[in-house]
Each structure stands twice: as structure tokens, then as C-alpha cells.
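For reference, the chains in residue letters:
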Amino acid sequence: MDNTGANPQGIVVPPVEGVAGGGTAYGWNDGGGVHFSNSSPRGSIDPSEVLTSDLVHVWCLPSTANVGPQEIPSRHLEPINLLAARNERESVQIALRPKATWGGSGSAGVVQVQCSDLTSTSGDRLVVGQSITLRRVVSILGVPDALVPLDLPVSQINLAPGETTALWVSIDVPSAQPQGQYEGEFFITAIKAEAESPSQRLGKADRHQLYSELRNCLDIMEPVEGKPLDEVVERAKSVTTSLRRVLLSPVFSEFSTDNGPVDMMDEDAISNLTVRVKLNLTVWDFVLPATPSLPAVFGISDTVIEDRFGVEHGSDEWYEALDQHFKWLLHYRISPYFCRWGGNMRVLTYTCPWPADHPKSDEYFSDPRLAAYAVPYSQAVPGAAQDYLQKEIDILRTKSHWKKAYFYLWDEPLNLEQYDMVRSMASKIHTYAPDARVLTTYYCGPSDAPLGPTPFEAFVKVPKFLRPHTQIYCTSEWVLGDREDLAKEIVSELQPENGEEWWTYVCLGPSDPHPNWHIGMRGTQHRAVFWRVWKEGATGFLYWGANCYEKATVPSAEISFRRGLPPGDGVLYYPGEVFSSSHQPVASVRLERILSGLQDLEYLQLYTSRYGRGEGLALLEKTGMYLGPERYTLEHTPIDVMRGEIFNTCRS
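Cut-offs applied
- Residues numbered from 1 in each chain as written.
- Predicted model: local features only at pLDDT ≥ 70, side-chain atom pairs only at ≥ 80, totals over all residues.
- Heavy atoms only, no water.
- Core = buried A, V, L, I, M, F, W, Y, C linked by side-chain atoms within 4.5 Å.
- Buried < 20%, exposed > 50% of the residue type's maximum accessible area, 1.4 Å probe, protein only.
- Domains from an automatic or database assignment.
- Contact = heavy atoms within 4.5 Å.
- Helix = DSSP H or I, 4+ residues; strand = E, 2+ residues; numbered from the N terminus.
- Arc of directions from axis to C-beta.
- Pairing = 2+ DSSP bridges.

Attention shifts here to the nonpolar core. Of all hydrophobic cores here, the largest spans 114 residues; its most connected members are Phe-298, Phe-407, Trp-517, Phe-530, Phe-541 and Leu-591. Counting contributing residues, this core receives three or more from each of domain 1 (52-195 + 270-287) and domain 2 (296-588). Excluding residues that lie within four positions of it along the chain, Phe-298 makes contacts with Ile-334, Ser-335, Pro-336, Tyr-337, Trp-517, Phe-530, Phe-541, Tyr-543, Leu-572 and Ile-594. Counting 38 residues, the second largest nonpolar core, distinct from the first, contains Val-111, Phe-186, Val-277 and Leu-281.

Let us look at helix α14 (residues 613-623). By the burial criterion, the buried members of α14 are Gly-616, Leu-619, Leu-620 and Thr-623. Seen end-on, α14 carries its buried residues on one side only, within an arc spanning 100°. Along α14, the residues that are exposed and aim more than 90 degrees away from the buried face are Gly-614, Glu-621 and Lys-622. Contacts from the buried residues of α14 go to α12 (523-536), α13 (589-611), β24 (626-628) and α15 (637-650). Gly-624 sits one or two positions beyond α14 and adopts a positive phi of about 75°.

Of all 6 residues in strand β13 (residues 296-301), 6 are buried; the element is thus mostly enclosed. Alternating positions in β13 separate into two faces, Ala-296, Phe-298 and Ile-300 on one and Val-297, Gly-299 and Ser-301 on the other, with burial throughout. In terms of strand pairing, β13 meets strand β21 (residues 540-543) through 3 bridges, oriented parallel. Bridging from a neighbouring strand, Ala-296 pairs with Phe-541 of β21. Bridge count for β13 against strand β14 (residues 335-341) is 5 bridges, and the pairing is parallel. Paired with Ile-300 across the bridge in β14 is Phe-338.

Quick look at the structure:
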């Protein structure tokens, strides 16, 4: 498409999603480009008298598309067709881009988005706000990544001139949901911001929220006397963010260009001018298991929580904060563990902050969504307890969930001293529990005591060097590069008859084009991490950190990624306070794709249980979904082909 010419509305701006390219390069692009005329209405426009389709481009893209502000409409609007099992989440994106301006200064205009329940012919429902959620895709470092919740069934969204806004629609199908065809609609209507100003109906709850926001600004700035300059600056930035949020809230919509949610479904706003987006969902007659087939253990930094939310280690508020993060991340088929780092990469990891004799311990460890849990080598909250480790193990070994337990003691030991520390700590654990599982992450053998003539040969000999002190050998995917056949050499060194396992992990590496979770990578690249795990035969997966952004001392402080790491590395969700007054974490697009990848893995596990692993590998190749770390689909269609094939052959 020619990007030259005098007409600004015809200029095609290259996508800016990052090193891997733009949204339509790997989304639903099989329909080809769509060319729109430049006959958009001009001058003063009353949206109540003009078709919304004449004011706004509306089109749909899959969850694997990165839809940034410069995304150009790639196809005409068509009904959304989704497929899902019970106990599965499926997501899709609705993109909006203004064709004309009907708003005030600096704004293209406001659209109202409404959603109906999804209903089946037999009368079963998937309810808006419960099974159906709507989030706005917000750019981080210019890349679409944060998913900020919007109110349902009705929200108002400000559109910026010349920019595309993406809405992320998710449908969670309950385990007991009847199978069948479900239908619903999204209604998108251009409106007058002035006529919809919520400030005219400001109630007590709204006034209290406004008061709380302004009071919070004072609370942040008043105790700054004697504080270090960098902390004062950070507090000032936080107050600026909060004040900007207040000014752009629905309370002041007639004075600003941003409009927030309204409180109730406005059926009068739906008219023949409205753009209707039909959504069809097929619910299949099988259920994804509540307990993930493959443990995916992800770290949560407790020190990041302490610093940012101002909670003291071991206080009641600290326990509440950790409890919130743990329960929230469980919804993503992830088994969380908390961690704090010591010297030389020694790490204290624990899934439950309470001791084993506390009622919360059984609540955490017996949750069927938890596939594995970390037992701390020492107390997460220092106390006077003697023989802490032995007492913890003695209690946990009597529980049926003990089979989920593991000890993660050291991250990536590099030299003989560090490897010896792992062996010493593991020996103590095995004195109390010979059947305990110790997990060790590594990407090399000890540098000062080579185990082989080449780095890879030394790497492969690590299990022999650590045996019997480690049972879960967790290696970096970076070591394999594009040689996934090397995984067979790693596995051949293990003794599965003695309970040894091979897990994998990603962190800084591998880099593009290999699957990983860095910001700017393709959507299928994010999702393919677990395709790779399954194809290579690992039985578990570890990720070092989900909330490891730079240190801050106020919840609403701007997010900064850690220096020296690829953007997004170690950060899979954000504090809700950065985007609104909500205290709920905000998921990243990448976290949603992680969930999708874990669900794909369950489909492959189901297929393999029926027909054998060879047939599962053949299905990956036949559909073209995943052949190797540099050969996987860039389009979404093969994913649905794979899932449909498994449903058609495995349905009861």
C-alpha cells in the first residue's frame, strides 16, 4: 500500500509494536487489506444523526495480534466466532479507529460500548460482568500490553484522532456450563460527550471516590519533609499521575477529552445508527482439568510488594497483599511462589507465607488449581522457632498434597562453591525427607571445575554432578538455541525411575525469533513458549518473576522495567493503581497469551492420552502450528485448526 501522497488520512504508518513487527503481520490477515474511501463527514457532526460506521472503523482481530495505536483497518467487520472447552478462557480484540472528528479539542470523539449476555438456544447464559469481561489495551513503552478493566455492560471510551484503540474481550466458560452455541452482541455507538456527562448525575459514591483521590494526593505529599530528594520526586510524580486521573475522570468529562464508564445499560442508545458486533461461541463438551497437567511455577517478588505498597514484612497488611497476589495469579493456571533474593543468587522461595501448621497452609496447598508449591528452606517471616525446616517437613509429609512440594534453593549456580552450597542444603532437606524434591535451575556447569571438554558437554553432565541432591533439573531454553534435538541428550542423562524430572525456563534469553515473553514479540511467539515445552517433553516450567519492575515507594508510581533486561522481562502484570483507583492487578497481554498457551498444552495432553505422543507431534506438524523454535505459525488460523481437530477426534 502506497504511503506517499498529500492526504494525511491516507498515510500508512508502520506499526511500532517492537522488534517483531506489527499486528496484521501475524493476525487475521488472510482476507487482505481493506481500502476505505475518504468521504468521511466533515465539519460539525452530530453523532446522533450519523451512522457510527461512518464515524468509526470497527474490526476484529485475534488475541495473538498486537494492536497498537498505528494499526490500520485490515478487514471489514465480520461476526466473531470463538471455540472453547469448559473451564477455558477465550479472548478476542475489537479495534476502533476514528474516520472523522465529532468530539472536542484534541479528541476524535466518544463511543459507548455495550454488551449483551451470550445465550444458547436452550436458554443457558454466559453473563456479562461474570463470564464476559472487557478491558482496554494500553501501551507500555509504545507497545500494546496492559489490559485495563472497563465497566460492563456499558462503558464510554474516548478515541484519539488518527489512533486505533483496541478492546480485549474475554469469555470464561465455567466447568459446569452446558455445551452448545451461544450468541451475543457488542453495540458500539458514537455519542455526544456533553450529553453524556456523568458530572450531572454525581452521586455520593462518586463524590467519596473523588474525595479519596484528592485526600490520597495530600497523604503522599505532606510527609515529605526530611525525605531524600529522589523519594520526593517519585512522590511528586505519583501525585501528578493521580491528579491527571481525577481530571480525566467522568466527573469532569465536559471539560476534558476522556470519558469513563456509565453505570447502567442504556438501551435507548442502541439504534439503527449503532455498529453491532455479533459474537458466536461454541462451547465444547469436554472440560479442561482444574489441576494443570504441567506445573508452571512463577515467582512473585515479596520485596517489590513491600516497597511499592508500603507494607511491612510480616504485618497483617503484608499477608493480605501476598494473599491477593497469590489468588489472582492462580486464575492463569499458574502455581505462584514468593521469592526474595540473597547474595550470589541464593533465593528464598515459598508459596504460602504462613507456616505449615496454620489453617491457610492447607487452604493454599489443597487448592486444585495449584500444581506445585515451594517449601521455604528457612522462615519466610523470621521468628524464634527452632528446627523450623524439620517441623515444616514433618507436618507437610503427612498431607496428601506433599506430592506437589518442591524446594528451590539457588538460582543458576555458576561455580563449584555455589554448586556445593546447593548440595549441602539439599542434604539437610533429604535428612528429614528422603522423598523431597529439590529443584535447581542452571544453564552451565561449575566454571571452575569443568565437567566436560565443551560447554554443552559440561552442561549435560550437571545431573550426574548434582545427583542425588537434585530431583528437578530445570534448564534454560537459551542453551538449546534452535537445536531442540539437544533436549534428548539432556533427558538421556536423567533417571526417571528415581523420580528425576526435566523442567525448562526462559528469562533474558532466548531472544527473537525464539518463543519468549518480551514486549514487542509476536503474539504467537508469546503463546509458543508452551508449545515448545510440550514438544520437547519437559514435565514442568519455571519463570523467575512476574512483578519484578524497578523499585518504587508508592503504588501509582510509573512502571519502569529493570535496566539491563529486555523490556517486559520479569514483568507480566502491573499494579492497578497505575491506571485507576483500583487495587486489583492489571494483566498484560503477554500474561493472557501465557494462559492461552497453557490451555493449548491441555488440548495436546488430551489428544496424546487418546492417541499417543507420536500422533500429537504429527498434529503439530500437520497444522503448521509449531515445528520448532524458529518455525511456528505467525497466523492465528492454525491454532484454531489444531484445537478443532482435537475436539472432533476426542469428544465423547
